[in-house]
Amino acid sequence: MALLGNIHGVLTAGLNGDHSWRLKDYVARGGYEMLKKILAEQIPQEQVISEVKKSVLRGRGGAGFPTGLKWSFMPRSLPGDKYIVCNSDEGEPGTFKDRDILRYNPHSVIEGMAIAAYSIGATGGYNYIHGEIFEIYQRFEEALDEARAAGFIGQNILGSGFNFELFAHHGYGAYICGEETALLESIEGKKGQPRFKPPFPASFGLYGKPTTINNTETLASIPFILKMGGEEFLNLGKPNNGGTKLFSVSGHVKRPGNYEIPLGTPFSTLLEMAGGMRGGRKIKAVIPGGSSAPVIPGDVMMDTTMDYDAIAKAGSMLGSGAVIVMDETTCMVKSLERLSYFYYEESCGQCTPCREGTSWMYKIVHRIENGLGKPEDLDLLNNVLGNIMGRTICALGDAAALPVQSFVKHFRKEFEYHIEHKTCLVPKDVQWAGSGFHHFE
Amino acid sequence: MLSAESLKRFDREVAKYPAEQKQSAVMACLAIAQDEKGWLAPETVEFVANYLGMPPVAAWEVATFYSMYELKPVGKHKLTVCTNLPCALSGAYHAVEYLRQKLGIGPGETTPDGKFTVKEGECQGACGDAPVLLLNNHRMCGRMTPEQIDRLLEECK
Ligand SMILES: Cc1cc2nc3c(=O)[nH]c(=O)nc-3n(C[C@H](O)[C@H](O)[C@H](O)COP(=O)(O)O)c2cc1C
Ligand code: SF4
Ligand code: FES
């Protein structure tokens, strides 16, 4: 079980690993009560949306866009098909929270989607599930069968006249499909290549119909928020950073796993929950929001709290809440080389600055790592990334450039050492030992 | 071309989408076809395309775009080890090296007896359980220490 702890747990409260994901368990925890109430009392759509706005829930998929505001963009009274799509294509390196939500609390996602559908006037929905988590996809299908049999999804739900059909779509290995318009293309049975925006999905989405896309954690939070009230959820966190959030902690910590904590909790508390640094070693750097977020030196991170605004102030992004912790045995050049390879490999190739730029960045970092770097390479890297940022169709271009920019900025000396001495500042055997097999507690 | 069982699964997928959007089922149908055949030969892709009433070239584009489709035969047991950074910090490359010792092959290779293929993969969304590997696209195996790898290889014999 990778749900290892919480402070004021909301989404993860009362879960018992693999033994409490079924419909009856969710109902015993108070599940589907909000959907029932909304439908029985025919609560107006605006009222639901305004409660979500009050909670200041910000999208948990990476961009942090306010969810209530996003819902209000939908032309909800326009006749015709509309869709709600859940983004469970979790592929941002370091992120593994949506998998645990789907594994241990799948019905919260289903209820959240049904409520979202009601609020935005959608009658169809898909949950796009990451290709590599086939077992989770199967479980979600089972949960859907349960919900359908109990009448929580389908036609004329609970006799209210509200229809909502929901299905799961299984990805098959493409990071770019996490980008919302690539994801829509993928559901349509095409290559996952992002679309130009505008038009935005709220006006032209799946099959050309108005569509709202939200992350798994965002949607799973909805029933809980409505139950406790938007204001109470907001107050769990801090102003402009409502509620609790799941953080996936990976890398050089003793107990890697998911932790649900109120936004605004100090990073040092989270690190402590994760057992502290492995082998008692010194913290060197942290990527606080998934591999696309800029890296931050360890000492800066130790003084930061875990919320959108504080992490932005520290020079990075909260992103998906994936906290990658690196200790003093880490070679920053080698780490960046692996990340740059990832973006090069996953670029969909549609726009030239991204296709060529990711290839160049990987080539340059690769040659520095392998002792073939030249003194002018660091400026060249900054040049290349400058030509990518802000010039691409989707945010993958920036996602590829930000790690390069921040690694070189904060650890320039290590890159220079590599170029001059043709080897790592951190001896290879130290690196190898530091990243070795780890025996879990 | 494909078993009745697979075709039944095709129809279950097609039913998820609006009647005029059968192409939406292409990813699932290619995956089902691959489950049965082990890999996707051009004629298999063409069969899926015809079944869904879409141009074969459009199905081929999908088969080549997504990394979990195999366009060449692979070993009976495909082990995709995630080596992205979070996993690399917790033993991913050690797992790759250990597999090399045990099987005599590195990433991208298949054992001469056709039993095992080892691949390097990208983040599988399970970084907390590193090292992780995916067996035949279906089974996620986490915390793959040498003992766990031994156990898995024994099971696959
Ligand atoms: C390259 C790329 C990958 C992304 N991957 C994901 C992902 O795996 N999961 C996710 O929810 N959002 C991902 N996003 C963000 C989505 O485009 C979108 O903003 C999000 O799903 C909206 O949901 P939210 O408002 O609830 O966060 C990605 C964006 C980009 C540019
Ligand atoms: S930025 Fe990169 S991934 Fe995004 S559309 Fe352009 S080429 Fe594709
Ligand atoms: S980095 Fe390996 S599963 Fe995420």
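Just so it is clear, the structure is predicted and the values come from calculations on it, not from any experiment.

Undergrad: Tell me about the overall build of chain A, residues and numbers included.
TA: Counting secondary structure elements, chain A contains 19 helices and twelve strands. Taken over the C-alpha trace, chain A has a radius of gyration of 22 Å; the compact-globule value for 441 residues is 22 Å, and the two agree within 12%. Seen along its three principal axes, the alpha-carbon backbone of chain A occupies a region of about 75 × 45 × 40 Å. Taking all 441 residues of chain A together, the buried fraction comes to 62%. Of the contacts made within chain A by residues no fewer than 6 positions apart, 72% connect residues no fewer than 24 positions apart. Only carbon and sulfur atoms are counted for the fraction: they give 54% of the accessible area of chain A, which is about 15,600 Å².

Undergrad: Report on the overall build of chain B, specifying residues and quantitative values.
TA: The secondary structure content of chain B amounts to seven helices and five strands. Listed by position from the N terminus, the elements making up chain B come as α-α-α-α-β-α-α-β-β-β-β-α. Each of the three principal axes of chain B carries a C-alpha extent, and together these read 50 × 35 × 25 Å. Expressed as a percentage of its 157 residues, the buried residues of chain B come to 56%. Partitioning the contacts of chain B with sequence separation of at least 6, the portion at a separation of at least 24 is 58%. Positive and negative side-chain charges of chain B, numbering 17 and 20 respectively, have mean locations separated by a distance of 4 Å.

Undergrad: Hey, could you go over the site of ligand 2 for me, with residue numbers and the actual values?
TA: Taken together, 13 residues surround ligand 2, and among them A:Cys348, A:Gln350, A:Cys351, A:Cys354 and A:Cys394 come closest. Looking at the shell around ligand 2, its residues break down into eight nonpolar, five polar and no charged.

Undergrad: Could you give me a rundown of the site of ligand 1, with the residues and numbers involved?
TA: All names here are of chain A. In the vicinity of ligand 1 lie 18 residues, with Gly61, Lys70, Asn214, Asn215 and Thr218 positioned nearest. At a separation of 2.8 Å, an oxygen atom of ligand 1 approaches a polar side-chain atom of Thr218. Here the element with the most residues in the shell around ligand 1 is strand β5 (residues 211-215); it accounts for three residues. Among the residues making up the shell around ligand 1, the classes are represented as four nonpolar, eight polar and six charged.

Undergrad: Tell me about the interface of chain A and chain B, and please be specific about residues and values.
TA: Every contact between the two is made by 65 residues of chain A and, on the other side, 55 residues of chain B. For the pair chain A and chain B, the summed buried surface comes to about 4,800 Å²; carbon and sulfur atoms form 59% of the total. The largest contributions to the chain A side of the interface with chain B come from A:Tyr172, A:Arg338 and A:Phe437, which together make up 20% of the buried area. Counting the contacts that link chain A with chain B gives five salt bridges. Here A:Lys191 and B:Glu61 are joined by a salt bridge, their closest N and O atoms 3.9 Å apart. Counting the contacts that link chain A with chain B gives 28 residue pairs in polar contact (both at pLDDT 80 or more). Secondary-structure elements contributing two or more residues to the side of chain A that touches chain B are β3 (124-129), α7 (134-149), β4 (165-170), α8 (180-187), β6 (244-251), β12 (322-327), α14 (332-346) and α19 (428-434) of chain A. It is α14(A) that contributes the most residues to the side of chain A that touches chain B, seven residues altogether. Here the residues of the side of chain A that touches chain B are counted per class, giving 29 nonpolar, 23 polar and 13 charged.

Undergrad: Give me the sheet that holds strand β5 (residues 139-141) of chain B: which residues, what numbers.
TA: Residue and element names in this part refer to chain B. The strand order across the open sheet built from five strands is β2-β3-β1-β4-β5, with neighbouring strands paired in mixed fashion. Of all the strands in the sheet, just β2 (109-110) and β5 have a single pairing partner and so form its edges. As defined by bridge partners, strand β4 (residues 133-135) adjoins β5 across three bridges and the pair is classed as antiparallel. The residue bridging Leu134 from the neighbouring strand is Met140, located in β5.

Undergrad: Could you give me a rundown of the pattern of salt bridges, with the residues and numbers involved?
TA: All names here are of chain B. For the structure shown, the criterion picks out 42 salt bridges over all chains. Measuring nitrogen to oxygen at the nearest pair gives 3.1 Å for the salt bridge that ties Lys102 to Asp150. Highlighted residues: Lys102 in helix α6 (residues 92-103) and Asp150 in helix α7 (residues 146-156), separated in sequence by 48 residues. Here Lys102 falls in the partly exposed class, since its relative accessible area comes to 44%.

Undergrad: Let's hear about the environment of B:Glu155: which residues, and what values?
TA: Looking at the element boundaries, B:Glu155 is found in helix α7. A distance of 2.8 Å separates the side chain of B:Glu155 from the side chain of B:Arg139, its partner in a polar contact.

Undergrad: Explain the packing of helix α6 (residues 106-120) of chain A against helix α9 (residues 216-228) of chain A to me, using residue names and the numbers behind them.
TA: All names here are of chain A. Where α6 meets α9, the axes come as close as 7 Å, and the angle between the chain directions of the two elements is 80°. In terms of orientation, α6 lies roughly perpendicular with respect to α9. Residues Ser108, Val109, Glu111, Gly112, Met113, Ile115 and Ala116 of α6 lie in contact with α9, whose contacting residues are Thr216, Leu219, Ala220, Ile222, Pro223, Phe224 and Leu226. Each residue belonging to the contact of α6 with α9 can be placed in one class, and the counts come to ten nonpolar, three polar and one charged.

Undergrad: Please provide a residue-by-residue account of the nonpolar core, values included.
TA: Counting 145 residues, the largest nonpolar core has A:Ile110, A:Phe164, A:Ile187, A:Ile287, B:Leu30, B:Tyr66 and B:Tyr69 as its most contacted members. A per-element tally of this core places α6(A) first, with nine residues. Of the domains in this structure, domain 1 (4-65) and domain 2 (77-156) of chain B are the two that each give at least three residues to this core. Those residues in contact with A:Phe164 that sit more than four places away from it in its chain are A:Ile84, A:Met113, A:Ala114, A:Ala117, A:Ala122, A:Thr123, A:Gly124, A:Gly125, A:Ile153, A:Gly154 and A:Ile157. Counting residues in each nonpolar core, the second largest holds 22 residues, with A:Val249, A:Ile261, A:Leu271 and A:Met273 among its members.

Undergrad: For the side chain of A:Glu92, give the residues involved together with the corresponding values.
TA: Along the chain, A:Glu92 falls in the loop between β2 (83-88) and α5 (97-104). Comment: no salt bridge for buried A:Glu92; closest opposite-charge side chain is A:Lys97, at 11 Å. A polar contact is formed between the side chain of A:Glu92 and the side chain of A:Tyr175, at a distance of 2.6 Å. Residue contacts for A:Glu92: discarding those within four places in its chain leaves A:Tyr175, A:Gly289, A:Gly290, A:Ser291, A:Ser292, A:Ser320, A:Tyr343 and B:Cys123.

Undergrad: Which residues make up unusual backbone geometry, and what values go with them?
TA: In most cases, non-glycine residues show a negative phi, while peptide bonds are predominantly trans. The omega torsion of the bond from A:Lys197 to A:Pro198 falls at -10°, within 30 degrees of zero and hence cis. Mapped onto the secondary structure, A:Pro198 falls in the loop between α8 and β5. Of note, the amide linkage connecting B:Ala130 to B:Pro131 takes the cis form, showing an omega dihedral of -5°. For B:Pro131, the location among the structural elements is in the loop between β3 (116-121) and β4. Backbone geometry places A:Lys422, a non-glycine residue, at a positive phi of 60°. Assignment of secondary structure puts A:Lys422 in the loop between α18 (412-421) and α19. Here B:Arg143, not a glycine, exhibits a phi torsion of approximately 50°, which is positive. On the secondary structure map, B:Arg143 appears in the loop between β5 and α7. What makes B:Arg143 partly exposed here is its relative accessible area of 28%.

Calculation notes
Residues numbered from 1 in each chain as written. Chains lettered and ligands numbered in written order. Predicted model: local features only at pLDDT ≥ 70, side-chain atom pairs only at ≥ 80, totals over all residues. Heavy atoms only, no water. Helix = DSSP H or I, 4+ residues; strand = E, 2+ residues; numbered from the N terminus. Rg over C-alpha atoms; globule rule 2.2 N^0.38 Å. Buried < 20%, exposed > 50% of the residue type's maximum accessible area, 1.4 Å probe, protein only. Contact = heavy atoms within 4.5 Å. Areas by Shrake-Rupley, 256 points an atom, 1.4 Å probe, with all protein chains shown as cover. Lys, Arg positive; Asp, Glu negative; His and termini not counted. Charge placed at Lys NZ, Arg CZ, Asp CG, Glu CD. Near = heavy atom within 4 Å. Nonpolar A, V, L, I, M, F, W, Y, C, P; charged D, E, K, R; others polar. Polar contact = N/O pair within 3.5 Å; in protein donor to acceptor, adjacent residues only side chain to side chain. Buried area = accessible area lost by both parts, 1.4 Å probe. Salt bridge = Lys/Arg side-chain N within 4 Å of Asp/Glu carboxyl O. Pairing = 2+ DSSP bridges. Axes fitted to C-alpha atoms, helices over the stretch in contact; angles between N-to-C directions. Parallel < 35°, antiparallel > 145°, perpendicular 65-115°, else oblique. Core = buried A, V, L, I, M, F, W, Y, C linked by side-chain atoms within 4.5 Å. Domains from an automatic or database assignment.

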